[in-house]
Amino acid sequence: MNSATSPQVLALHPFRRSFIELNARERARSLMDEGTFEELLGPFDRIKSPWLPAQGVVPQSDDGVVVARGAVDGCRTVVIAIEGMFQGGSIGEVSGTKIACALDLACEDNEAGQRTYAVLLLETGGVRLQEANLGLAVIAEIQSSIIALRRHTPVVGVIAGMVGCFGGMAISAALCSHLIATREARLGLNGPEVIEQEAGVEEFDSTDRRLIWSATGGRQRFETGFVDQLVKDDVAAIRAALRIAFQQGVPAKNRSAEIDKYLAFLAGIDPTAQLDASAVRNLWERA
Amino acid sequence: METMNFEYPATNAVAHRAHVGVVGSGDLEVLLEPSPHDFASVQVCTSVDGYGTIWKAVLDRFFAKHSIKSTIEINDFGATPGMVALRLEQALEQSTT
């Protein structure tokens, strides 16, 4: 499996290799240099959710988060991959703690002079509702860990699809130094069903895929400055994007510190008129 | 959710442990580990209740073919019997290569 990503094999087979079709562990492995993938708290450590079985839900042996240490393009990196197929990539006490602790370990390494990059593969609906407050609390931990680490090294988020990145983890994505997305990806605070439930079908029809992607899809998020690189659903393209993100290093000003820019953007919006995707793009260009 | 346990006499050693699959819709994860004992023990945790006889049939067939000294944990999220059989074969393949 790993050999399929080696440069020699890619040269022989110049077709695309889908990233979206890979599970979380395969995704992490596919981005790392051959033979360097080393998993921390893997499935056989059986650090899983104690809360799911108590509510009649089958747990997963890694609680849906893969933490791997290794090299990406020769750089020492921790890759944290959320499994979107398990409970919608939701963040529970255990899965969230794995993410926060991995980021903290990377922070300690950087503070000790050992340059370590961090890559987050975000495929998540946000907090795991069965673990309510514990999940919310740990998402706050993840966010403070990202903020601590991003002073030392770029924290790179990748949203590939098809789950997308929502809820508290969308805020975590916005705190990353650099965001990479595909056209298939979505990034938003509330998912389509939640918006429809709260605001009505006239406001947002959660069955209208064109509408959903026009508002929260990877391309729109790229055109409106929330995403730094738009890439194809292709392992080699995502690896190349990571290389660029690493080379750019720690940004002079993080997106989440661009308060005036975003306030100007928001001030330009007339809430009485219905905005469409191109109107949002035009507003962003003027902001 | 239902948990079941099965045991089969076994003769053949397994080279190393293997993990395959995801606890996602219509899928399952299999954790296969070598065991020093002359039997295989299987623990199944499934989201669909009441299919014990079908689980037994799938596992009977697997262990009739592969008498492996192992400890197997299955976390299932509504996989079909065919899917379960394929994941078991995949785990075995990974544990020998």
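First, a word on what this report is: a plain description of the structure on this page. (Residues numbered from 1 in each chain as written. Chains lettered and ligands numbered in written order. Predicted model: local features only at pLDDT ≥ 70, side-chain atom pairs only at ≥ 80, totals over all residues.)

## Looking at the environment of aspartate 49 of chain B
Residue and element names in this part refer to chain B.
Reasoning step 1: With respect to the element layout, aspartate 49 can be found in the loop between strand E4 (39–46) and helix H1 (52–65).
Reasoning step 2: Here aspartate 49 falls in the exposed class, since 9 other C-beta atoms lie within 10 Å of it.
Reasoning step 3: Measuring from C-alpha to C-alpha, the distance between aspartate 49 and glutamate 2 comes to 5.5 Å, with 47 residues separating the pair along the chain. (Helix = DSSP H or I, 4+ residues; strand = E, 2+ residues; numbered from the N terminus. Buried ≥ 20, exposed ≤ 12 C-beta atoms within 10 Å, placed from the backbone.)

## Re the packing of H1 of chain B against helix H2 (residues 81–96) of chain B
Residues and elements named next belong to chain B.
Reasoning step 1: Axis separation between H1 and H2 bottoms out at 10 Å; the angle between their running directions is 35°. Relative to H2, the crossing made by H1 is right-handed. Across the interface between the two elements, Ile54, Val58 and Phe62 from H1 touch Pro81, Val84, Ala85 and Leu88 from H2.
Reasoning step 2: Per-class residue counts for the contact of H1 with H2 are 7 nonpolar, no polar and no charged. (Axes fitted to C-alpha atoms, helices over the stretch in contact; angles between N-to-C directions. Left-handed = near helix turned anticlockwise from the far one by under 90°. Contact = placed C-beta atoms within 7 Å. Nonpolar A, V, L, I, M, F, W, Y, C, P; charged D, E, K, R; others polar.)

## Notes on the interface of chain A and chain B
Reasoning step 1: Each side of the interface is counted separately: chain A has 13 residues, and chain B has 15 residues.
Reasoning step 2: Residue composition of the side of chain A that touches chain B, by class: 8 nonpolar, 4 polar and 1 charged.

## Overview of the packing of helix H4 (residues 93–111) of chain A against helix H5 (residues 132–149) of chain A
Residue and element names in this part refer to chain A.
Reasoning step 1: Between H4 and H5, the least distance of the axes is 9 Å, while the angle of their chain directions is 15°. For the element pair H4 / H5, the angle class is roughly parallel. The handedness of the crossing between H4 and H5 is left-handed. Judged by residue contacts, Glu93, Gly96, Thr97, Ile99, Ala100, Leu103, Asp104, Ala106 and Cys107 of H4 engage Leu134, Gly135, Val138, Ile139, Glu141, Ile142, Ser145, Ile146, Ala148 and Leu149 from H5.
Reasoning step 2: In terms of residue class, the contact of H4 with H5 is built from 12 nonpolar, 4 polar and 3 charged. (Parallel < 35°, antiparallel > 145°, perpendicular 65-115°, else oblique.)

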